[in-house]
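# What the coordinates show
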Amino acid sequence: MTDAPLLEVKDLKVEISTKAGSFFPVNGHNFTVNAGETLGIVGESGSGKSMTAMSLVRLLPKHAAHIRSGSIKLNGRDLLTLSDKEMRRVRGSEIAMILQDPQTSLNPAFTVGDQISEALSLHTTGPRRTLRDRAIDALRKVKVAAPEHRVDAYPSELSGGMRQRVVGAIAISCQPKIIIADEPTTSLDVTVQAQYLKLLRELQEDTGMAILFITHDFGIVANLCHRIVVMYFGRIVESGPVDKIFASPAHPYTEALIAAVPKLHGQQGRLRTIEGLPPSPTEQITGCPFAPRCEHADARCFAELPPTVDADSDGDHAASCWRVVDR
Amino acid sequence: MGETTVNPFAKPSLWRRARELPLVPITVLLIVFIIPAFFADFIAPHDPYTPNLRSRLQPPVFFGGTWEFALGTDRLGRDILSRILHGAWYVLAVSMIGIAVGVVVGTTLGLVAGYVRGWFDGLVMRLVDISLALPAMLLALALAAALGASFLSVVIVVGFALWAYFARQVRAEVLLLRNSDFVARSMVAGASHTRILFRHILPNVTNTIVVLATLQVGIAIMLDASLSFLGIGIPRPTPTWGLLVSDGRDFIATDWWISFFPGLAILLTVLSANMLGDWLRDKLDPRQRQI
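All of these numbers come straight from a predicted model, not from anything done at the bench. (Residues numbered from 1 in each chain as written. Chains lettered and ligands numbered in written order. Predicted model: local features only at pLDDT ≥ 70, side-chain atom pairs only at ≥ 80, totals over all residues.)

### Remarks on the nonpolar core
If you look at the biggest cluster of nonpolar residues, it comprises 159 residues, and the most contacted ones within it are I178, I179, I180, L212 and V230 of chain A together with I84 and V158 of chain B. No other element matches the 15 residues that helix α8 (residues 193–229) of chain B contributes to this core. Residue assignment places this core across two domains, with domain 1 (7–94 + 176–262 + 272–326) and domain 2 (106–175) of chain A each supplying three or more. Those residues within four positions of I179 of chain A in sequence are excluded, and the remaining contacts are A96, I98, A171, M209 and I211 of chain A. (Core = buried A, V, L, I, M, F, W, Y, C linked by C-beta atoms within 7 Å. Buried ≥ 20, exposed ≤ 12 C-beta atoms within 10 Å, placed from the backbone. Helix = DSSP H or I, 4+ residues; strand = E, 2+ residues; numbered from the N terminus. Domains from an automatic or database assignment. Contact = placed C-beta atoms within 7 Å.)

Structure below.
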């Protein structure tokens, strides 16, 4: 790909200061998202996935979390240098977000149509009376049945899957260039989840938007994403195209995660687990954060943080592990 | 889509919803309180102010009196019924304006305090503590001494006695709502703080405000009546209900009706207002709402 990426994150560091000490839930991220592409961010709870997402739209909790360094370039424009007002214009119109829980991400006091219209009226101009029609159109795009009726429904009158579609309709209503989806399917059951992922894929094909998909589910990643970033303890430990990572994971953590996914075919023995727990966020770690749980760890892993190096000669698959460095 | 399909999300008609209203408290409120407040001039049989010494201390109609003075007369011969009817307006005005002051001040402070947190929140909550700790009567006495007892001073006392309840309740709900995903989502959609506070959070606390305000009607009326009874309410000759009760204080053993009927009016109004508030609370129960 020769053109500049749609979203380019460089050396992003977010610091959280608490009474117990400060730590970096996002520690030196580098990644890019191209137009029309889906990037999966995978990691376990507390690995900094959601912090990454919130820092991209600059909605980190005030006073507690701060972006310490780095740049977030959307179409070449650094979002970190924008004023609050300019940033508000970017949110919703250029970056949209789908949150985890559709039960709570809709306002219970307004109808679905009102909430889609609000997003539209914040970022687009046009006669007010057509807002309702445009809301119905948005609902139709996310395949809500009978949109001309559902536009008048309150969130409490809809099912979980339907609500998450409405959230999707709000997100795409202003034709954003990139959608950040923060575990949008965790609260849905598997059938609805599959439908929703299919919908996201179709919407992406229609609109050419990029998706940043945050999840802890490798199954979804394989299904939806073009490239993956694997996070552990606030760091990106491996990144690369989805097929390469599944075929030849370079980092032991990725390898262990993939091994922990149940297989549909062949003999399935006991599922492998990763021993131990991730370190506490405030812990001071000098070496590789995964070393205490890693079966290949040696003295150097505990002493020194491995640099991020290419895992193969194509230049699109990188990992941060001494074993890859030595290869 | 054919025209015959029924919209399952259509809202029930106004009439259907109106049929669920609790009729007894509403009727009582209308008869005792609201209609007299607005139409006392037309329905009161006598002038409430002019003494008529020839007909003083007449008993009510079923206790040896006549229909001319259905609820009896006081020691200056003024018709009790007419005085109650004319007093309703002042009771209504004081309680409504007082509550409005409390709602506006309390809700605004509670909203902002819960949303911005920090030192402003601390300041408002300490003021709430002070306001709740300070007896309303004491404040009323101080105000009456400073400003002189007047309509304004009574309204200020009622507003001051009530705002803290609204501020505390609204703040608590805002704390919950500001961390909800739909607020986060509208932030990601590019909404400003003012918009989030007034368009997204405020509508979700209106139920609470309405219920609380209805339940405060009783408290406001009681407060107004107490102030008038003590002589620090709206001054004479305005026939507020508390004043009417206090007028008959010295005659309670012999001419009981002078105090009894204004007291009954207070009782019925406060009781009905509370019943209405309870009904509203059940209807708009925040625990049954999905946030």
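On we go from here.
### A look at helix α6 (residues 160–172) of chain A
Residues and elements named next belong to chain A. Spanning 13 residues, α6 covers 18 Å between terminal C-alpha atoms, matching the ideal 18 Å at 1.5 Å per step. Along α6, 12 of the 13 residues are buried, which leaves the element largely enclosed by surrounding structure. Restricting attention to buried positions, one finds in α6 the residues G161, M162, R163, Q164, R165, V166, V167, G168, A169, I170, A171 and I172. Tucked inside the fold, the buried residues of α6 contact β6 (95–98), α3 (112–123), α4 (131–141), β7 (178–182) and α7 (190–207). (Expected span 1.5 Å × (residues − 1).)

### Let's talk about the interface of chain A and chain B
Interface extent is often summarised as the accessible area lost during association of the parts. Tallying the contact residues gives 30 residues for chain A and 22 residues for chain B. Mapped onto the side of chain A that touches chain B, the elements with two or more residues apiece are α2 (84–93), β6, α3 and α5 (147–150) of chain A. Examining the composition of the side of chain A that touches chain B, we find that 5 residues originate from one element, α2 of chain A, more than from any other. Split by residue class, the side of chain A that touches chain B holds 13 nonpolar, 9 polar and 8 charged. (Nonpolar A, V, L, I, M, F, W, Y, C, P; charged D, E, K, R; others polar.)

### Considering unusual backbone geometry
Trans is the prevailing form of peptide bonds, just as negative phi is the prevailing case for residues other than glycine. The residue after R236 of chain B, namely P237 of chain B, is reached through a cis peptide bond having omega 5 degrees. Here P237 of chain B lies in the loop between α8 and α9 (241–247). In this model, D11 of chain A sits at a positive phi of 45 degrees, which is unusual for a non-glycine residue. Along the chain, D11 of chain A turns up in strand β1 (residues 7–18). With a phi close to 60 degrees, K143 of chain A is a non-glycine residue in the positive phi region. Mapped onto the secondary structure, K143 of chain A falls in the loop between α4 and α5.

### Considerations on the sheet that holds β6 of chain A
Residues and elements named next belong to chain A. Read across the open sheet, the 8 strands follow the order β6-β7-β8-β3-β9-β10-β12-β11; overall the sheet is mixed. Each edge of the open sheet is held by one strand with a lone partner, namely β6 and β11 (309–310). Here β6 pairs with β7 via 4 bridges, running parallel. Looking across to β7, one finds that A96 is bridged to I179. In the packing of helix α1 (residues 49–56) onto the sheet, the strands contacted are β3 (38–42), β6, β7, β8 (210–215) and β9 (227–232), and the crossing angle to β7 comes to about 150 degrees. Of the strands in this sheet, β6 and β7 touch α6, which is tilted by about 175 degrees from β6. (Pairing = 2+ DSSP bridges. Axes fitted to C-alpha atoms, helices over the stretch in contact; angles between N-to-C directions.)

### What to know about the packing of helix α6 (residues 151–178) of chain B against α8 of chain B
All names here are of chain B. Their axes nearest at 9 Å, the elements α6 and α8 cross at an angle of 155 degrees. The orientation of α6 with respect to α8, classified from their angle, is roughly antiparallel. As for how α6 packs across α8, the hand of that crossing is right-handed. Looking at the contact of α6 with α8, its residues break down into 17 nonpolar, 4 polar and 3 charged. (Parallel < 35°, antiparallel > 145°, perpendicular 65-115°, else oblique. Left-handed = near helix turned anticlockwise from the far one by under 90°.)

### Focus: the sheet that holds strand β4 (residues 65–74) of chain A
Residue and element names in this part refer to chain A. Strand order in the open sheet formed by 4 strands is β2-β1-β4-β5, and the pairing between neighbours is antiparallel. Two strands in the sheet have a free side with no partner beyond their single neighbour: β2 (21–33) and β5 (77–78). This element, α1, spans β1, β2 and β4 of the sheet and lies at about 70 degrees to β2.

### Overview of the environment of R185 of chain B
Here R185 of chain B is to be found in helix α7 (residues 181–188). When the 25 C-beta atoms within 10 Å are taken as the criterion, R185 of chain B is described as buried. Sequence separation between R185 of chain B and I99 of chain B is 86 residues, and the spatial gap between their C-alpha atoms is 34 Å. Aside from chain neighbours lying at most four places away, what touches R185 of chain B is M97, L99 and S105 of chain A.

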